[in-house]
Amino acid sequence: MYDPPSRILDVDCADDGIPVIDFSIPNVDVLKHRINEACSTWGFFQLINHGIDASLIASFKEAMRDFFSLPYETKIKLKRNSVNSRGYFDDELTKRRRDWKECLDVGMPGSGDWDVLDGDQSNSCLDGYNQFPSSSDCPEFRDVVVKYFTECARLSDKLARLMALSLGVQEGSEDAKLLDRMIQNHTSYLRLNFYPPCTVESGRNEQKSTEEQPPPLGISPHRDAGFLTILLQDENCHSLQVARFEDEDNKDDDANWVTVHPIPDSLTINTGDMAMIWSNGRFRAPLHRVLTASDKMRYSAPFFYNPGYSEFVSPLSCSTEGDDGLMTQPAVYKPCLWGYFRALRFAGDLTDLGVEIQTSHFRMDSDSDHAERQMILMKEAGFQEPFDVEKYRQVLEK
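Being a predicted model, the structure only gives us computed values, none of them experimental. (Residues numbered from 1 in each chain as written. Predicted model: local features only at pLDDT ≥ 70, side-chain atom pairs only at ≥ 80, totals over all residues. Heavy atoms only, no water.)

**Thoughts on the environment of glutamate 235**
Move 1: Counting through the fold element by element, glutamate 235 comes out in the loop between β9 (228-232) and β10 (240-243).
Move 2: A residue is classified by how much of its surface remains accessible, and glutamate 235, at 33% relative accessible area, is partly exposed.
Move 3: Taking the C-alpha atoms as reference points, glutamate 235 and histidine 261, 26 residues apart in sequence, are found 7.9 Å from one another.
Move 4: Ignoring any residue separated from it by four or fewer positions in sequence, one finds glutamate 235 in contact with Lys61, Pro262, Ile263, Pro264 and Asp265.
Move 5: In this structure the side chain of glutamate 235 is engaged in a polar contact, spanning 3.0 Å, whose partner is the backbone nitrogen of aspartate 265. (Helix = DSSP H or I, 4+ residues; strand = E, 2+ residues; numbered from the N terminus. Buried < 20%, exposed > 50% of the residue type's maximum accessible area, 1.4 Å probe, protein only. Contact = heavy atoms within 4.5 Å. Polar contact = N/O pair within 3.5 Å; in protein donor to acceptor, adjacent residues only side chain to side chain.)

Structure below.
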């Protein structure tokens, strides 16, 4: 018999309609059904009793506040650049529009070993290398961040395997091997976000916009590129919104956006572009955005669970083939090389390339040449060294 833990909500969705899933339920069939339903509809859900220790989360939140309270002159020394996507920044573009936020990105070391010095050559990878504040500026910051990062990776693997089971993936099958490779070679990163208060006047002055233009958003409407995201929200400032719709035609209509109100001690999960391709479109990678607040600061931390750079993500065979191996449903997407997709997303965040890569470019019915261009970039660039946006701009902009 299921004996509920002391902390449990007897609901399937919050007041905002976003599904709520209790991760402590021992019945795997119930869990996978609820996860499948959430990923196939909203693409968002709140996870309670997730297993990450509350004291670690509290320490991580404190470390995040300590970092962003450092003098700007200290933070800017850790500035990311065109050959290193990791570090501090306050000038990111989302859909070619500057966001109202400060960030610090920390990713899986190229060596796979957190004990290796961050700047060691073995830690070099497509995303670059980590840049942490000094122990004198932020005591214990690195240790706490690494511990939280590791716990998020473990939770991501559990969620991904339940997502797979919900789609009919059998343990030990070829389809399941992607998840085995992903936990071994994942290229995930953790982003620490700080959203300062933003009045209409200050936002327009900063971005040199006019009265006819809307004030800036914390983050403009976008979809997450990777497999899944684990978000630690700010319980004191509710600014994250998810779209009810699939396309971008209605993105400026506020009635089509739903604010995600975090349940205390929960984590917010959403599916990403790679999960949408992998599920052959059964899972939804939802548009979402972050509003600015005029009188509140907001902190948040998304953990982006990503495949290995050289991984080609394709629709599951179990979603396109019957038991006899014959095609039962056509594949909606062409294979997508994660390293290529990631490189173009970073290039679009850092510079204005004129277009942001999307899963629609890999649809079977798309006339895009990204499926061919990814092979060129893989041959020319490789993924064992930091990606240089300017060096490969010609390939990116073809």
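**Brief notes about the packing of aromatic side chains**
Move 1: The full count for this structure, using the stated rule, is 17 aromatic pairs.
Move 2: The structure contains a cluster of three or more aromatic residues connected by ring pairs, namely Phe67, Phe68, Tyr72, Tyr88, Phe132, Phe141, Phe194 and Tyr299.
Move 3: Taking the ring centre of phenylalanine 89 as reference, the NZ or CZ of arginine 80 above it sits at 3.6 Å.
Move 4: Across from the ring centre of tyrosine 333, 5.9 Å away, lies the NZ or CZ of arginine 363, which sits over that ring. (Phe/Tyr/Trp six-rings, centres within 6.5 Å; stacked < 30°, edge-to-face > 60°. Lys NZ or Arg CZ within 6 Å of the ring centre and 35° of its normal.)

**What to know about the pairing of β9**
Move 1: In terms of residue burial, β9 counts as a mostly covered element, since five of its five residues are buried.
Move 2: Residues Leu228, Ile230 and Leu232 point to one face of β9 and Thr229 and Leu231 to the other, with burial holding for every one of them.
Move 3: Sheet topology note: the β9/strand β12 (residues 267-271) ladder contains four bridges and is antiparallel. Each residue of the ladder has a partner; that of leucine 231, found in β12, is threonine 268.
Move 4: Bridge count between β9 and strand β14 (residues 298-305): five bridges; the pairing is antiparallel. Bridging from a neighbouring strand, leucine 232 pairs with alanine 301 of β14. (Pairing = 2+ DSSP bridges.)

**Points about the sheet that holds strand β1 (residues 20-22)**
In a beta sheet, neighbouring strands are held together by backbone hydrogen bonds and run either parallel or antiparallel to one another.
Move 1: The eight strands are arranged β1-β2-β12-β9-β14-β7-β6-β3 in an open sheet whose pairing can be described as mixed. Two strands lie at the open edges of the sheet, namely β1 and β3 (87-89), each paired on one side alone. Neighbour to neighbour, the strand axes of the sheet diverge by 25 degrees on average, direction disregarded.
Move 2: Pairing between β3 and strand β6 (residues 102-107): three bridges, direction antiparallel. Note on β6: the bridge partner recorded for glycine 87 is aspartate 105.
Move 3: Its contacts with the sheet put helix α1 (residues 28-40) on β1, β2 (44-48) and β12, and the angle it makes with β1 is roughly 160 degrees.
Move 4: Lying on the sheet, helix α2 (residues 54-68) is in contact with β3, β6, β7 (189-195), β9 and β14; it crosses β7 at an angle near 60 degrees. (Axes fitted to C-alpha atoms, helices over the stretch in contact; angles between N-to-C directions.)

**Here we look at the nonpolar core**
Move 1: Formed by 90 residues in total, the largest nonpolar core has its most connected members in Phe60, Leu159, Phe227 and Trp278.
Move 2: With 14 residues, the single largest contributor to this core is helix α4 (residues 141-166).
Move 3: Apart from residues no more than four positions distant in its own chain, phenylalanine 60 is found in contact with Val144, Val145, Tyr148, Leu190, Leu192, Leu232 and Ala301.
Move 4: In terms of nonpolar packing, the next biggest core, distinct from the first, is built from eleven residues, Phe44, Leu240, Val258 and Val290 among them. (Core = buried A, V, L, I, M, F, W, Y, C linked by side-chain atoms within 4.5 Å.)

**Here we look at the sheet that holds strand β13 (residues 288-290)**
Move 1: Here four strands make up an open sheet; going across it, the order is β8-β13-β10-β11 and the pairing antiparallel. Taken across any chain shown, the strands that pair with only one partner, and hence form the sheet edges, are β8 (219-222) and β11 (257-259). Each strand axis lies, on average, 20 degrees off the axis of its neighbour in the sheet, ignoring direction.
Move 2: Where β8 and β13 come together, two bridges link them in antiparallel fashion. Its bridge partner lying in β13, isoleucine 219 is registered against valine 290.

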